[in-house]
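Remarks on the overall topology
Okay, here's what each chain looks like letter by letter:
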Amino acid sequence: MASETPRLDPTEIKDNSFPVFRLIGLVTSQPTESALTLKSPTKDGEMISLTNIRVSMNKQFEVDAWYEFVCRSSDNGDIGFLILDAVKCILEENETISIDGIVALQQLSKKFPEIY
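In what follows, the accompanying structure is described. Fair warning: this is a prediction, and the values are worked out from it, not measured in the lab.

**A short note on the sheet that holds strand β2 (residues 35-41)**
Sheets are built from strands that pair by backbone hydrogen bonding, the pairs being arranged parallel or antiparallel. Reading around the barrel, the five strands line up as β1-β2-β3-β5-β4 and close back on themselves, with mixed pairing between neighbours. Taken over all neighbouring pairs, the strand axes of this sheet differ in orientation by 50 degrees on average, direction set aside. Relative to strand β5 (residues 81-88), strand β4 (residues 66-73) runs antiparallel, the two being bridged by seven bridges. If you follow Phe69 over to β5, its bridge partner there is Ala86. The strands touched by helix α1 (residues 99-111) within the sheet are β1 (20-32), β2, β3 (47-55) and β4, with β2 carrying the most contacts at an inclination of about 90 degrees.

**Examining the pairing of β2**
Within β2, six of the seven residues are buried, which leaves the element mostly enclosed by the surrounding structure. Note: β1 against β2, four bridges, orientation antiparallel. Note that in β2 the partner of Thr32 across the bridge is Ala35. Hairpin connection of β1 to β2: two residues between the antiparallel strands. Note that β2 and β3 share six bridges and pair antiparallel. Across the sheet, Leu38 pairs through a bridge with Leu50, a residue of β3. The hairpin turn running from β2 into β3, its antiparallel successor, is five residues long, and Gly45 in that turn takes a positive phi close to 85 degrees.

**Brief notes about the side chain of Ser40**
In this fold, Ser40 is placed in strand β2. Residue class for Ser40 comes out buried when judged on its relative accessible area of 0%. Engagement of the side chain of Ser40 in a polar contact is seen with the backbone oxygen of Ile24, the distance being 2.6 Å. If near-sequence neighbours (up to four positions away) are discounted, Ser40 is found in contact with Pro10, Leu23, Ile24, Gly25, Glu46, Met47, Ile48 and Leu50.

**Quick notes on the environment of Leu82**
Checked against the element boundaries, Leu82 lands in strand β5. We classify Leu82 as buried; its relative accessible area is 18%. Between the C-alpha atoms of Leu82 and Arg72, which are ten residues apart in sequence, the distance is 5.1 Å. Dropping the residues within four chain positions of it, Leu82 is found in contact with Arg54, Val55, Ser56, Val70, Cys71 and Arg72.

**Considering the pattern of salt bridges**
Opposite charge on two side chains allows them to pair when their charged atoms are near. Within this structure, the stated rule accounts for three salt bridges. Of the charged contacts, one joins Glu68 and Arg7 as a salt bridge, the two residues approaching to 2.8 Å between their closest N and O atoms. In this pair, Glu68 is assigned in strand β4 and Arg7 in the segment before β1, connecting sequence segments 61 residues apart. For Glu68, a relative accessible area of 17% gives the class buried. Accessibility expressed as a relative area gives 6% for Arg7, which makes it buried. A salt bridge links Lys88 to Glu62, with the nearest nitrogen and oxygen atoms 2.4 Å apart. With Lys88 in strand β5 and Glu62 in the loop between β3 and β4, this residue pair connects regions lying 26 residues apart in the sequence. Since its relative accessible area comes to 41%, Glu62 is described here as partly exposed. Linked by salt bridges that have partners in common, Arg7, Arg22 and Glu68 make up one network.

What counts, and at which threshold
- Residues numbered from 1 in each chain as written.
- Predicted model: local features only at pLDDT ≥ 70, side-chain atom pairs only at ≥ 80, totals over all residues.
- Heavy atoms only, no water.
- Pairing = 2+ DSSP bridges.
- Helix = DSSP H or I, 4+ residues; strand = E, 2+ residues; numbered from the N terminus.
- Axes fitted to C-alpha atoms, helices over the stretch in contact; angles between N-to-C directions.
- Contact = heavy atoms within 4.5 Å.
- Buried < 20%, exposed > 50% of the residue type's maximum accessible area, 1.4 Å probe, protein only.
- Polar contact = N/O pair within 3.5 Å; in protein donor to acceptor, adjacent residues only side chain to side chain.
- Salt bridge = Lys/Arg side-chain N within 4 Å of Asp/Glu carboxyl O.

Quick look at the structure:
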């Protein structure tokens, strides 16, 4: 399953050949129930903003919270995608997520696709 839904760096979305992929990102806003804006770290540690992402479920996302998203690539060849599911990354009080850790996880999962 993990090899069929790889974790992607946000810069890889436009060249992605997998119909379903995973992306780790920080929700920055949810302008409508069916749209989302988020930031996701690249392999260089830069945070890239992704806007107007379509959401397939009726869910309120917590702004400034990290999630792992299961996404479906666009059928019409543009760089857009659809969020199918999301799991919130639960952090204890005073904990933060390491951008370097997310990037390392994305890189390791490419080398070892059996890592979920």
